[in-house]
Structure formats: structure tokens, C-alpha cells
Amino acid sequence: MTLEDEYTLSFYRELSPVEGRDNMWLVQHSETGRLYIKKVLALYDRAVFDFIRRERPGGVPAVEALVEEDGVLTVVEEYIAGERISELLARQGPMKPREAVDILCQLCDIMTVFHRRQPPIVHRDIKPENLMLTRDGRLVVLDFNAAKESGGGASRDTVLIGTVGYAAPEQYGFSPSTPATDIYAAGILLGELITGTRDVKALPGRLGAVAHKCTDMEPGRRYGSMEQLKRALQRAAPPRHDWLPPGFRSGNPWKMLVAAAGYLLMLDMAVTMDMEGVAAGALLPIARVGWGLMELAMVLTVFNYRNIWDRLPLTRNRRLWVRLLGAALYCAGIFALYIILLIVAESLLGA
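All of the points below concern the structure found in this document.

Section: the overall build of the chain
Right, on to step 1. Within the chain, the secondary structure is distributed over 10 helices and 10 strands.
Right, on to step 2. By its C-alpha atoms, the chain is 100 × 45 × 35 Å across when sized along the principal axes.
Right, on to step 3. In the chain, which comprises 351 residues, the share counted as buried stands at 44%.
Right, on to step 4. In the chain, the proportion of contacts linking residues at least 24 apart, taken out of those at least 6 apart, comes to 58%.

This is the structure:
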């Protein structure tokens, strides 16, 4: 260690070890009083930390100092105040799908910067323990200790670094880690955030299809980039204002205009309808109200209101044609129920 390195590290006074980590300490700069994390690594890729220190990408702790000696790297990085995703899940349980998608989209933005670098940098240990939410809801990716440059001619990973349950198959020595390795972990993470389990089969619907594609055993069949994954998540995510009726959830003026016209037409049909064989007595108002409710129920079913498809047989299937068939069958069932209730009402009023 050079005198310059010793001088650099002398500014950081150790306060306490980080709980559960024997190679990390909370330190304080003697002049500025700012808090940092110091960690000593025996297994690392120096290029990763050089990139973070030089480029200071958003969404990761800034690296303030690097000192390397005898195959050991001492890293001093920014201290981030917040709550780890693992702690958040332990405290409140699984998240709503929209919250999970927001977190995954932030992760995609952060990791895109690393994956676009040439050669790409792969994190290789994306999991709830290594993700933190700040007080303002900003995601921070921690612990690039396992990260490495992808490529370099290696035919496979020679050392398993990662966490069982999140590590992609190639991290077990089948092939080299690539950006697809992080996409695999993102799919596992998506399922865990929403269902509380790392089994992506437990996540139904369109988000389940996204997680399933992320975790394909063959890296080439996963999403081609974090940007592609983000677009898929945004298409599959439930609307932010999912309590609004179909047509109004996206905020698109043209969709809202068409939806409003459709709802007015449905209301007019319900109010003015006249049914053959129904006398203009007490049964006609019941028939009209029932017709309006039936129309509304069908619209909510067809347009997957509040992700109702994820809670019904057939419509939670991964195959689109099965989901569409299921929606059609449920609409037929709603119509049949309307007819049955109308017959019952007619018999009661006739009695």
C-alpha cells in the first residue's frame, strides 16, 4: 500500500461493523463528517468499481475511494439511508402488482447503464437484500461485489457467485454470465415481490408470462435487454388508476371519449329497451336495470377490470386463446344468469 493510499484511507474512521457482514464497516469522514460504507473484497472485478467511480451512474452508491493491495480491494462507497426490499417484504408482505412493476422498471433503468457498457457489466446477485428503497421511493442497487465484465472469451463461469434461488443456470458453470443473467434474477424478483415466493409459476396472468420469459433456462430465449423487459412490464402492468372503469384507466383522451360514448349507449339501451312478453308493469324496470348491470358486468369481464382475469380459471392461463375463450364463456354465463333471474322475477311477480 502506497503512502497516498494510506493517506486516503486515514480520513475514514470506522464506527461499527455492518450487521451480518464481517468485511464491511460504517465509517465517517474525519473532515466532512459524512457517512460511508467501507468494504474489503478478496474476490472482485476491479473494472466494475472503476466504472462506478468514474461514471457515477444513478441508482447505485457512488464510489469515493479504491485501494488495492495483494489481491485485496478496499472500497469506500456512499452510505444510502433507506429500507432494503427484503426488510420491506418481511414487514408488510407481498406488494401490489403496480408497486412491484414500478420497482422493476427502476431496476431496468439502472442496470441498462451497466449492460450497455462495452464489455457489459453483469451484477450477478440481484435479490431483495441487494435492493434498497430510499424515503422518496427511489430504488438503489447495492453490492456489486459479485459483478463482473461479461465476455472476454470465457466459455463458462468458473466460480459460482450469486444466491441460490436467484442465480441463473449459467452461473452454475454451464455458460458465461451475460446481461441475460440479470434478467433471469429480475424475473424471480418480480414473482417474489407480488406472491412472496420465488416460484414464478405462482404468478398468474400477463405479469406471470413476463416472469416466465425472464426465467427461461435458455438465455437466448429471455428478453434481449433490460429495455425490452421494461417495455414488457409496462404493457403487462395494471393501470395506475385501476379503480376507474375500462376506457378511463389509461388517461388517453381518445380512449376516454370512445368509452364515454359506449357507456352512454349502454345506458340508453337499458333505459329504453322493451322486451317482448314483458308487460309495462313492475317487471319491466327490473328487466331494464338487470340488462344494464349485465352489460356492465360483461364490459368489466372482457376488459379485465382490476385484473379479474388473474383470479378466474381459464383467464389466468398463459395462452392468449385460452384467456379469450374464458372471457367469452364468462360473458355467456353472465347472460344466462340474467335470463334465469328474469324468469325467477317473473314467476314471483306473477304469483
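Remarks on empty space enclosed by the protein
Right, on to step 1. Under the definition given, this model contains 1 cavity of 30 Å³ or more.
Right, on to step 2. As a volume, the largest cavity reaches approximately 50 Å³.
Right, on to step 3. Lining the largest cavity are K39, F49, I52, P61, V63, E77, V141, L142, D143 and F144.

So, the packing of aromatic side chains
Right, on to step 1. Scanning the model with the defined rule gives 6 aromatic pairs in all.
Right, on to step 2. Between Y12 and Y36, the aromatic rings sit 5.4 Å apart at their centres with planes inclined by 90 degrees, giving edge-to-face as the arrangement. Of this pair, Y12 sits in strand β1 (residues 12–17) while Y36 is found in strand β3 (residues 35–41), placing the two residues 24 residues apart along the sequence. Take Y12 and Y36: they sit in the same class, and that class is buried.
Right, on to step 3. A cation over an aromatic ring shows up here: K38 above the ring of W25, its NZ or CZ 5.5 Å from the ring centre.

Things to note about the sheet that holds β1
Right, on to step 1. Spatially, 5 strands are ordered β1-β2-β3-β5-β4 in an open sheet, and the strand pairing comes out antiparallel. Lying at the two open borders of the sheet, with one neighbouring strand each, are β1 and β4 (63–69). Taken over all neighbouring pairs, the strand axes of this sheet differ in orientation by 25 degrees on average, direction set aside.
Right, on to step 2. In this structure, strand β2 (residues 24–29) lies alongside β3, joined through 5 bridges in antiparallel fashion. Note that in β3 the partner of V27 across the bridge is Y36.
Right, on to step 3. Each of β3, β4 and β5 (72–78) touches helix α2 (residues 46–55); the most contacted strand, β4, lies at about 150 degrees to it.

Overview of the packing of helix α5 (residues 179–195) against helix α7 (residues 226–236)
Right, on to step 1. Viewed as axis vectors pointing N to C, α5 and α7 meet at an angle of 25 degrees, and their least axial separation amounts to 10 Å. Compared by their axis directions, α5 and α7 come out roughly parallel. The hand of the α5/α7 crossing is right-handed. The residues of α7 that touch α5, namely those facing D182, I183, A186 and L190, are M226, L229 and L233.
Right, on to step 2. Here the contact of α5 with α7 is built from residues that sort into 6 nonpolar, no polar and 1 charged.

Details of α7
Along an α-helix, a turn takes 3.6 residues, which lines up residues three or four apart on a common side.
Right, on to step 1. Buried within α7 are the following residues: M226, L229, A232, L233 and A236. Viewed along the axis of α7, the buried residues span an arc of 120 degrees, placing them on a single side of the element.
Right, on to step 2. The elements touched by buried residues of α7 are α4 (97–116), α5 and α6 (205–214).

Quick word on the layout of surface pockets
Right, on to step 1. The computed volume of the largest pocket comes to approximately 1,000 Å³.
Right, on to step 2. Lining the largest pocket we find 39 residues, and of these R206, P239, R249, F303 and N304 sit closest to its centre.
Right, on to step 3. Those elements that provide at least two residues to the lining of the largest pocket are α4, α6, α7, α8 (253–272), α9 (283–302) and α10 (320–350).
Right, on to step 4. Here the lining of the largest pocket gets 6 residues from one element, more than from any other, and that element is α8.

What about a nonpolar patch on the surface?
Right, on to step 1. Judged by side-chain polarity, L314, W321, L325 and L329 come together as a nonpolar surface patch covering roughly 420 Å² of accessible area.
Right, on to step 2. Inspection of the secondary structure puts L325 in helix α10.

Considering the packing of α4 against α5
Right, on to step 1. α5 packs onto α4 with a crossing angle of 165 degrees between their chain directions and a minimal axis gap of 10 Å. Taken together, α4 and α5 sit at an angle that is classed as roughly antiparallel. In terms of crossing hand, the pair formed by α4 and α5 is right-handed. Side by side, α4 and α5 meet where P97, A100, I103, L104, L107, M111 and H115 of the first sit next to P179, D182, A186, L189, L190, L193 and I194 of the second.
Right, on to step 2. Residues that form the contact of α4 with α5 fall into these classes: 12 nonpolar, 1 polar and 1 charged.

Digging into the sheet that holds strand β9 (residues 139–141)
Right, on to step 1. With respect to topology, 3 strands assemble into an open sheet ordered β6-β8-β9, the strand pairing being antiparallel. In this open sheet, the two edge strands, each paired with only one partner strand, are β6 (83–84) and β9.
Right, on to step 2. Relative to strand β8 (residues 131–133), β6 runs antiparallel, the two sharing 2 bridges. Looking across to β8, one finds that E83 is bridged to L133.

Things to note about the pattern of salt bridges
Right, on to step 1. Tallied over the full model, the rule gives 15 salt bridges.
Right, on to step 2. For R91, the salt bridge is made with E83, and the minimal N-O distance between the two is 2.9 Å.
Right, on to step 3. Residue E149 is joined to R117 by a salt bridge in which the shortest nitrogen-to-oxygen separation is 2.8 Å. Of this pair, E149 sits in strand β10 (residues 148–149) while R117 sits in the loop between α4 and β7 (121–122), and the two are 32 residues apart along the sequence.
Right, on to step 4. Residue E149 is classed as partly exposed on the basis of its relative accessible area of 24%.
Right, on to step 5. Residue R117 is classed as buried on the basis of its relative accessible area of 17%.

Calculation rules
- Note on numbering: residues in each chain are counted from 1, in written sequence order.
- Only residues with pLDDT of 70 or above have their local features reported here, since the model is predicted, and side-chain atom pairs are shown and tallied only from 80 upward, although totals for entire chains, interfaces and linings are computed over all residues.
- Each side-chain value is worked out from all heavy atoms of the structure, with water and hydrogens disregarded.
- Comment: elements are numbered from the N terminus, with helices defined as DSSP H or I runs of at least four residues and strands as E runs of at least two.
- For every residue, the accessible area (1.4 Å probe, protein chains only) is compared with the maximum for its type, and the residue is labelled buried under 20%, exposed over 50%, or partly exposed between those bounds.
- Note on contacts: a residue pair is in contact if any heavy atoms of the two residues lie within 4.5 Å.
- The way it works is a 1 Å grid over only the protein atoms, where trapped points that fit a 1.4 Å probe form a cavity and open points with protein on both sides within 12 Å along at least five of seven lines form a pocket, and then any residue with an atom within 4 Å of a point lines it.
- Grid points are joined across faces, edges and corners, and a volume is the space filled by probe spheres set on the points.
- Only Phe, Tyr and Trp rings take part, Trp by its six-membered ring, and two of them pair if their centres are within 6.5 Å. Stacked means planes under 30 degrees apart, edge-to-face means over 60, and tilted covers everything else.
- Working rule: Lys NZ or Arg CZ, within 6 Å of ring centre, within 35 degrees of ring normal, means a charge sits over the ring.
- One bridge is not enough; two strands pair if DSSP finds at least two bridges between them.
- Angles run from 0 to 180 degrees between N-to-C directions of axes, and those axes are lines fitted to C-alpha atoms, restricted for helices to the stretch in contact.
- Any angle from 65 to 115 degrees is called roughly perpendicular, while one under 35 is roughly parallel, one over 145 is roughly antiparallel, and all others are oblique.
- Here is the rule for handedness: rotate from the far helix to the near one, and if that takes an anticlockwise turn smaller than a right angle the crossing is left-handed, while a clockwise turn gives right-handed.
- Ten residues, namely Ala, Val, Leu, Ile, Met, Phe, Trp, Tyr, Cys and Pro, are considered nonpolar, four, namely Asp, Glu, Lys and Arg, are considered charged, and the remaining ones, Gly among them, are considered polar.
- What the arc covers is the set of directions going from the helix axis to the C-beta atoms.
- Patch membership requires more than 30% relative accessible area and the absence of a salt bridge. Residues of like charge join within 9 Å; the nonpolar side chains Val, Leu, Ile, Met, Phe, Trp and Tyr join within 5 Å.
- Here the accessible surface of atoms and residues is derived via Shrake-Rupley with a 1.4 Å probe, and residues count as covered only by protein chains that are part of the display.
- Each salt bridge in this description consists of a side-chain nitrogen of Lys or Arg and a carboxyl oxygen of Asp or Glu lying within 4 Å of one another.

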